[in-house]
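# Structural characterization, general
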Amino acid sequence: MKKYFVIGNPINHSLSPKLHNYWLKENKIDAIYDKKKIEEKNLQTIISKVKEKKIDGINVTVPFKKVVIPFLDKLSIEAEQTQSVNTIILKDNNLEGHNTDITGFAKAIKKLNFNLEGKKVFILGAGGVVPSIIFALNTMKVSKIIISNRTRQKAENLKMLFNNLNILEWGKVEDFDVIINATSLGLNNEEINLDFSNIGNDKLFYDVIYNPSETKFLREGRRLGNKVENGKLMFVYQAYEAFKLWHGLEPEINEHTLKILEDD
Ligand code: ATR
């Protein structure tokens with residue numbers, strides 16, 4: 001039986017095992033997908049198990065998406081440019097690092113039928129998933145990306161990867177067409193203390209968080225007359241892309257797939 005893991009710290013909240021195991025069963029693949037909380041010092045050991053064929057694939061989540069890179073032999077172009085890996089696979093005896101968050105985000109946005117070309121996008125946060133979102137936004141030809149993070153230095157670090165970023169001081173709001181919450185604020189029902197009352201309506205408020213399904217950020221966006229969307233489809237599509245890489249087939253995404261993520 002093949003073995004797959006998602007590794008991170010914390011990892012308890014991860015719904016990846018539920019989704020992957022569901023698809024494995026649906027596709028009659030003899031494999032199991034589990035989650036493993038690990039410490040950074042144990043990263044090399046677990047990754048080397050993929051090379052030894054004791055593990056067949058690994059998904060990587062916060063906070064290890066960048067620090068796994070030195071242990072890999074090859075990176076996809078997307079993983080290289082974002083310095084972010086969320087899927088590891090052994091190919092021709094090489095440990096390959098891929099980034100499926102980018103396609104995950106792009107496909108989720110496409111599903112919304114919201115054309116981002118020429119739009120101003122305001123990103124809140126500079127954590128693990130943000131380089132992937134920026135990469136995807138650049139392929140969508142947005143006109144401007146503004147980023148604001150409590151710790152300004154992390155936004156400055158991102159600007160070294162993507163020189164088209166405009167950094168805004170945390171707490172300020174600038175005109176935008178789309179706003180993306182990529183902070184962890186909202187996971188525990190916290191508010192984001194930003195004033196959106198002057199930005200007008202018909203914008204897109206997007207939250208990377210999907211549990212709770214409507215954060216206070218999204219509720220406020222909706223109250224002000226904007227389109228809102230949570231990160232559930234992005235999560236499903238990044239898993240879909242990883243599944244495709246490992247198993248060479250496309251798992252089905254339907255209402256039931258989305259439903260199983262709710263029954264916790
Ligand atoms: P990591 O930063 O380890 O990659 P993450 O969950 O991907 O973790 O990112 C958390 C994001 O939420 C960061 O942008 C963080 O801001 P800092 O870089 O300043 O830590 C942001 N965040 C978390 N708590 C916050 C708070 N109380 N106010 C503002 N931003 C917060």
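These remarks concern the structure in this document. Here the structure is a predicted model, which means the values were calculated and not measured.

## With respect to the site of the ligand
Within the structure, the ligand sits among 13 residues, and Gly128, Asn149, Arg150, Thr151 and Lys154 are positioned closest to it. Within the side chain of Arg150, one N or O atom sits 2.9 Å away from an oxygen atom of the ligand. For the ligand, an oxygen atom lies 2.5 Å from a polar atom in the side chain of Thr151. Summarising the interface, the protein chains cover 71% of the accessible area of the ligand, which totals 620 Å² for the free molecule. Of the residues belonging to the shell around the ligand, the class tally is four nonpolar, seven polar and two charged.

## Quick word on the nonpolar core
It is characteristic of soluble globular proteins that their nonpolar side chains tend to be buried jointly. Counting 55 residues, the largest nonpolar core has Phe105, Leu116, Ile123, Ile133, Leu137 and Ile180 as the members making the most contacts within it. If one sorts the elements of this core by residue count, helix α8 (residues 232–247) sits on top with 10 residues. Looking at which domains feed residues into this core, each of domain 1 (2–99 + 233–255) and domain 2 (102–231) gives three or more. In this view, Leu137 contacts Phe105, Leu116, Val121, Ile123, Val142, Ile145 and Ile180; residues no more than four positions away in its chain are not counted. The next biggest cluster of nonpolar side chains, apart from the first, holds 19 residues, and it includes Leu43, Ile46, Ile55 and Val60.

## Here we look at the sheet that holds strand β4 (residues 74–75)
On the basis of which strands lie adjacent, the open sheet formed by six strands has the order β2-β1-β3-β5-β6-β4 and mixed pairing. Unpaired on one side and paired on the other, β2 (31–37) and β4 mark the two borders of the sheet. Inspection of the sheet shows strand β3 (residues 57–60) paired to strand β5 (residues 87–91) by two bridges, in the antiparallel sense. Among the inter-strand pairings, Asn59 is bridged to a residue of β5, identified as Thr87. Taken strand by strand, helix α1 (residues 16–26) contacts β1 (2–8), β2 and β3, and its axis lies near 175° from that of β2. This element, α8, spans β1, β2, β3, β5 and β6 (94–98) of the sheet and lies at about 10° to β5.

## Side note on unusual backbone geometry
Residues Asn9 and Pro10 are joined by a peptide bond in cis, for which omega reads 5°. Within the secondary structure layout, Pro10 lies in the loop between β1 and α1. In this structure, the amide linkage connecting Val62 to the following residue, Pro63, adopts the cis form with an omega of 5°. Within the secondary structure, Pro63 is located in the loop between β3 and β4. In this structure, Lys141 is a non-glycine residue whose phi angle is positive, near 60°. According to the relative accessible area criterion, Lys141 is exposed, its value standing at 56%. You will see that Asn189, though not glycine, has its phi angle at about 70°, which is positive. For Asn189, the position within the fold is in the loop between β10 (178–181) and β11 (204–207). Classification of Asn189 by relative accessible area gives partly exposed; the value is 42%.

What counts as what
Residues numbered from 1 in each chain as written. Predicted model: local features only at pLDDT ≥ 70, side-chain atom pairs only at ≥ 80, totals over all residues. Heavy atoms only, no water. Near = heavy atom within 4 Å. Polar contact = N/O pair within 3.5 Å; in protein donor to acceptor, adjacent residues only side chain to side chain. Areas by Shrake-Rupley, 256 points an atom, 1.4 Å probe, with all protein chains shown as cover. Nonpolar A, V, L, I, M, F, W, Y, C, P; charged D, E, K, R; others polar. Core = buried A, V, L, I, M, F, W, Y, C linked by side-chain atoms within 4.5 Å. Buried < 20%, exposed > 50% of the residue type's maximum accessible area, 1.4 Å probe, protein only. Helix = DSSP H or I, 4+ residues; strand = E, 2+ residues; numbered from the N terminus. Domains from an automatic or database assignment. Contact = heavy atoms within 4.5 Å. Pairing = 2+ DSSP bridges. Axes fitted to C-alpha atoms, helices over the stretch in contact; angles between N-to-C directions.

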